[in-house]
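Listed below, chain by chain, are the residues.
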Amino acid sequence: MPEIDVVRWPGPLPYAEGLALQCALHADVVAGRSPGALVLAEHPSVYTAGRRTEPTDLPTDGSPVVEVDRGGRITWHGPGQLVAYPIVRLGEPLDVVAWVRSLEQVLIDAATSVGVPTRRVPGRSGAWVGTGPTAAKVGAVGLHVAQGVSTHGIALNCANALDAYAAIVPCGIADAGVTTLSHAAGRSVAVADVLDVVTAGVLAAVDALPAQHPARPRDDGEPSTGRAPRLPVGTAARDTARTGTSTRQRQETAA
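Residues numbered from 1 in each chain as written. Predicted model: local features only at pLDDT ≥ 70, side-chain atom pairs only at ≥ 80, totals over all residues. Heavy atoms only, no water.

Colleague: Which parts of the structure should I look at to understand empty space enclosed by the protein?
Modeller: In this approach a probe as big as a water molecule rolls over the atoms, and the regions it shows empty are the leftover space. With the rule as written, the count across this model stands at 3 cavities of 30 Å³ or more. Taken together, 14 residues line the largest cavity, and the ones lying closest to its centre are Arg70, His77, Gly142, Gly153 and Ala155. At the level of elements, strand S5 (74-77), strand S6 (81-89), strand S9 (136-146) and strand S10 (149-157) are the ones that each hand at least two residues to the lining of the largest cavity. Residue contributions to the lining of the largest cavity peak at 4 residues, all from S10. Of the residues that constitute the lining of the largest cavity, the class distribution is 8 nonpolar, 5 polar and 1 charged. Estimates place the volume of the second largest cavity at around 100 Å³. Thr75, Lys137, Ala140, Asn157 and Tyr165 are the residues nearest the centre of the second largest cavity, which is lined by 14 residues in total. Where the lining of the second largest cavity is concerned, the elements lending two or more residues are S5, S9 and S10. Looking at which element gives the most residues to the lining of the second largest cavity, the answer is S9, with 4 residues. Considered class by class, the residues forming the lining of the second largest cavity number 9 nonpolar, 4 polar and 1 charged. (1 Å grid on protein atoms, 1.4 Å probe; cavity = no way out; pocket = protein on both sides within 12 Å on 5 of 7 lines; lining within 4 Å. Points joined across faces, edges and corners; volume = space filled by probe spheres on them. Helix = DSSP H or I, 4+ residues; strand = E, 2+ residues; numbered from the N terminus. Nonpolar A, V, L, I, M, F, W, Y, C, P; charged D, E, K, R; others polar.)

Colleague: In this structure, what is going on with the pairing of strand S3 (residues 46-49)? I would like to understand it.
Modeller: Burial of the side chains of S3 extends over both faces: Val46 and Thr48 are buried on one face and Tyr47 and Ala49 on the other. Here 4 bridges tie S3 to S5, and the two strands are oriented antiparallel to one another. The residue bridging Ala49 from the neighbouring strand is Ile74, located in S5. The sheet contact formed by S3 and strand S4 (residues 65-67) spans 3 bridges and is parallel. Considered in S4, the bridge of Thr48 is made with Val66. (Buried < 20%, exposed > 50% of the residue type's maximum accessible area, 1.4 Å probe, protein only. Pairing = 2+ DSSP bridges.)

Colleague: For this particular structure, what's the right way to read the nonpolar core?
Modeller: Proteins that are soluble and globular tend to have nonpolar side chains buried together. Membership of the largest hydrophobic core comes to 37 residues, with the highest contact counts inside it found for Leu82, Trp99, Ile154, Leu156, Leu181, Val194 and Val198. The set of elements that each furnish at least two residues to this core consists of strand S2 (36-41), S6, helix H2 (96-113), strand S8 (124-129), S9, S10 and helix H4 (191-207). Among the elements that take part in this core, H2 stands out by supplying 9 residues, more than any other. For Ile154, the residues in contact, after removing those within four places along its chain, are Leu82, Val83, Ala84, Leu103, Val106, Leu107, Ala140, Val141, Val198 and Val202. The next biggest cluster of nonpolar side chains, apart from the first, holds 18 residues, and it includes Leu25, Val46, Tyr85 and Ala155. (Core = buried A, V, L, I, M, F, W, Y, C linked by side-chain atoms within 4.5 Å. Contact = heavy atoms within 4.5 Å.)

Okay, structure coming up:
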């Protein structure tokens, strides 16, 4: 597929601005103005609740929660955790499960690159450290697919504190823990230590997606260049109302 832009946010990306950016990028991909983009960032501390969140998952301390359209349940984002949001068309035939597995492999490969063995757990998405009752989640996948275009993505715990998870039921999973690459490796593993591996892994996963339909003409009547517009780094995307979602074309998958 055409090369997509990579946007590495230079500082903490407020979650609301991140949602606005994803919304604008989604609209551009749907309209054929862009082949997509990969956004990499760290968020300030925030709880986000997917569509399957239950009341019993919510923070016990009354902390605010941002409701989002991805699949899955509640989770936390914050400093020391890398999030990667590939905003791309999945191609046809549409296979969301295969896309989840590809993103899980990105998490597994990133952990391996810093000496942390991880694996999949049957029936649960993400990347896990350990087995049995000691298994702990180190990387999560949470997606929303509308009009064939994926938003949201993956989160990898690198050097973040784990206190915030104690107030919720992370991903709705009460019988397993959460960990970080730093804790599992027994040394400090920063976001910067896995950033390049995650970037390369997601881009490879995007390149492996099925063939896509030709881009539609741009709104200005000119043919699409097949390249995403360059975004001013550190500037929030605007035009947040252009969601382009359709009930019949909407899919979610779990975190």
